[in-house]
Each structure stands twice: as C-alpha cells, then as structure tokens.
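Overview (structure and organization)
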Amino acid sequence: MAPADNNLGVQSENKQHAKGGNPDVGPTRGAAAEANWGSAFRVAASDKWRSQSATMRRGVTDAICQFAAPRPGMRVLDLASGTGEPAISLASAVGPTGRVVGIDVSDDLLEIARGRARQRRFDNVEFRRADAHCLPFPTEQFDLVTSRCGVMFFADIQKAFLEARRVLKPQGRVAFLVWGPFQQPYFENTIGVLLNHVAEPQYDPSQLDVFRFARPGSLSAALDSAGFRNVHEETRTVPWIWPGTPEELWQYFGQVSAPFHSLIASVPESKIRTVDDAVHSALAQFHDGERVKLTATVVLAGAEK
Ligand SMILES: C[S@@+](CC[C@H](N)C(=O)[O-])C[C@H]1O[C@@H](n2cnc3c(N)ncnc32)[C@H](O)[C@@H]1O
C-alpha cells in the first residue's frame, strides 16, 4: 500500500487494523511492544522519505560512528539495522578489508538497506533477517557490536546483551545509541502538541519503550548486568534537521514512527484538522524557510567484553 499524503494515512491503516480485532488505542509500555516496524505501510513510507530521513538522522549517525570508533579491517555486527544505518556508514569506515553484518527482524526494511548499500556500491556489508535475542553466528566473531535506536525495543534486554557479548571476540566492544527523554523538541512539538488536544489523562509517553533507556545510567546498568566491563555512558545533543516543511515532517512522523501509530490513530476524526494545524504551527517555530531545525538528545553507551 502506498502511504497516503497526510496523517489520515496512518489513521485509516490503524482503523482497518482495529476492525480486525485489535481496538486498543492509547499505548502503554505493553502496547508499545506491538509497534509494527515492518508493516507494509511503514516500509513504503520509509522508502518514500528515505532521503529526507537520512539527512535528518545524519547527526545521530555521526554520533554513533564517532562513539563506536570503528577501524579499518574490523568485523562489525549492527543490531536492528532497519533501513541500513549505521551499518552502511560503518562499512565505509571499516573499508574493503573489514566487514559489516546488519540484522533486523524485518526483511522488508532490510531490503531497503540492501538497495542503499548497492547504490553506494558497498560489497563489504550484508543484511540478514535475524532476532537479536538469538543471533545466528558462532561465538567470538565480531570486533564491534552496534545499534542505533534499536536496543530499547528488545523484549529481553539481558538475553540480547548476552548474545551480543557471546558473538564478540575477547577484546570486542559494544556501542549503542538510544533516545534521550521525551522532553525534547522533536517529541514535544509533535506528540506533546497532539496530547494537548486529546484527553488521555493516563497516557504517559515517557513510559514507551522508545524512552526505556532515557534515564542516565539505565543503559549502563543493563550492560553491567550482562557482564560487560568498562561500561561508559554519555548524553549528547546533536542536530536533527528536516530538509523540508513542517507539514512534511509531521506526515513523515505519523507514517514512520511506529511506537506512536496507535496514539495518532486514536485522534477522533473531528479533531484531526485541529491537531494537524497545531503541530504545524509548533514546528513552524523551527522552520527557516527551507529546513525545520531541531536537535536530538540521545544516550550513548559503550563497553568491553
Ligand atoms: C527505530 S528502528 C531503528 C532502525 C535503524 N537502526 C535506525 O536507526 O534507523 C528499530 C528497529 O528495531 C528492529 N527490531 C525490534 N526488535 C528486534 C529484535 N528483537 N531483533 C532485531 N531487530 C529488532 C525493528 O524491526 C526496527 O527496524
């Protein structure tokens, strides 16, 4: 299905889903686990917006690549690669003597990643469908395991981190990037505005899995528990710049941000126009005529086997 050109596209997709027997809206942490990253609708939207999305995410790609410090010749495993980052940027860093394997549970998203790697003519990166909780690799294969905006969605973080540790060589390292708190411009001027117009008193977005490791020290604690050494963590704010209009950014958000789909779908028809207008106005404060200039606050955590 091609994505519709407004947020109603998300509405109609989710409402069709609801008719099929899942009327729950207004997600809690449990509902967030249902985030459907690989739905045909989201895959089509990810493809449609891939150039703008790559530009907006450049700051977080650079942050994890710099934090991970890949070296030429390294073997890297990227968990939850989705449409291909940071795996593709890491492939450039490890060069022709190195190799990157990106895994994700959604083969449809990985197909986009494969296309992007082909476009760049990279033959040192491959994408395989796999679950981070049960990696299809022998022990001690990789120098570095990375993930950008992925680990917070792993249902059993201890199991997934033990798997990452198992496939690392003895001196291997991990480098993970996750979202910082909900209280930052990208979320406050989209979902925060929506929540001002939709009465969901019990709904607390900071309880969503997407913010599971936003609290400083929480990702480090999970790495510690899985037996990693020399765990270190920092919070960083980087550019998050959408190369287009506020209206396009809100369309993109509604179509691609799987953890918020059911909340957006819960907006009554009678309020959709009001919510869209309010979000457009909020984002317009950051629009310089060409770009919506926001920042992203993220947590980076690294450790050694
Ligand atoms: C927010 S996306 C991040 C994708 C990409 N790394 C990026 O930064 O654009 C989260 C990804 O986690 C993947 N994912 C969720 N649970 C997973 C699991 N158990 N194993 C592997 N991938 C998983 C989803 O399919 C989705 O592509």
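Here is a short report on the structure shown in this document. Because the structure is a prediction, the values reported are computed rather than measured.

Turning to the site of the ligand, a few remarks are in order. Near the ligand you find 21 residues, and of these Trp 37, Ala 80, Gly 82, Ala 132 and Arg 148 are the closest. Its residues assigned to classes, the shell around the ligand shows 10 nonpolar, seven polar and four charged.

The next subject is the sheet that holds strand β3 (residues 125-129). Spatially, the seven strands line up as an open sheet ordered β3-β2-β1-β4-β5-β7-β6, and their pairing is mixed. Where the open sheet ends on each side, the last strands, each with one partner, are β3 and β6 (229-242). On average, adjacent strands in this sheet sit at an angle of 20° to one another, irrespective of strand direction. The pairing of β6 with strand β7 (residues 292-304) spans 12 bridges and is antiparallel. When the sheet's bridge partners are listed, His 232 is paired in β7 with Gly 302.

The next subject is unusual backbone geometry. Trans peptide bonds make up the majority, and among non-glycine residues the majority have a negative phi. A cis amide bond, omega 10°, links Glu 85 with the succeeding residue Pro 86. For Pro 86, the location among the structural elements is in the loop between β1 (75-79) and α6 (87-94). Backbone geometry places Cys 149, a non-glycine residue, at a positive phi of 55°. Given 20 C-beta atoms within 10 Å, Cys 149 falls into the buried group. Backbone geometry places Asn 230, a non-glycine residue, at a positive phi of 45°. With respect to the secondary-structure elements, Asn 230 resides in strand β6.

Quick notes on the rules
- Residue positions within a chain follow its written sequence, with the count starting from 1.
- Note on the predicted model: pLDDT of at least 70 is required for a residue's local features to be given, and 80 or more for side-chain atom pairs to be given and counted; whole-chain, interface and lining totals, by contrast, use all residues.
- For each residue, a C-beta atom is positioned from the backbone; the residue is called near a molecule or strand if that atom sits within 6 Å of it.
- As a working rule, the residues Ala, Val, Leu, Ile, Met, Phe, Trp, Tyr, Cys and Pro are called nonpolar, Asp, Glu, Lys and Arg charged, and the rest polar, with Gly in that last group.
- Strands pair, by our definition, only if DSSP identifies at least two bridges between them.
- The helix count covers DSSP runs of H or I at least four residues long, the strand count covers runs of E at least two residues long, and both are numbered beginning at the N terminus.
- An axis is simply a line fitted to the C-alpha atoms; with a helix, the fit covers only the stretch in contact. Between two such axes, the angle follows the N-to-C directions and lies from 0 to 180 degrees.
- Here a residue counts as buried when 20 or more other C-beta atoms sit within 10 Å of its C-beta, as exposed when there are 12 or fewer, and as partly exposed otherwise, the C-beta atoms being derived from the backbone.

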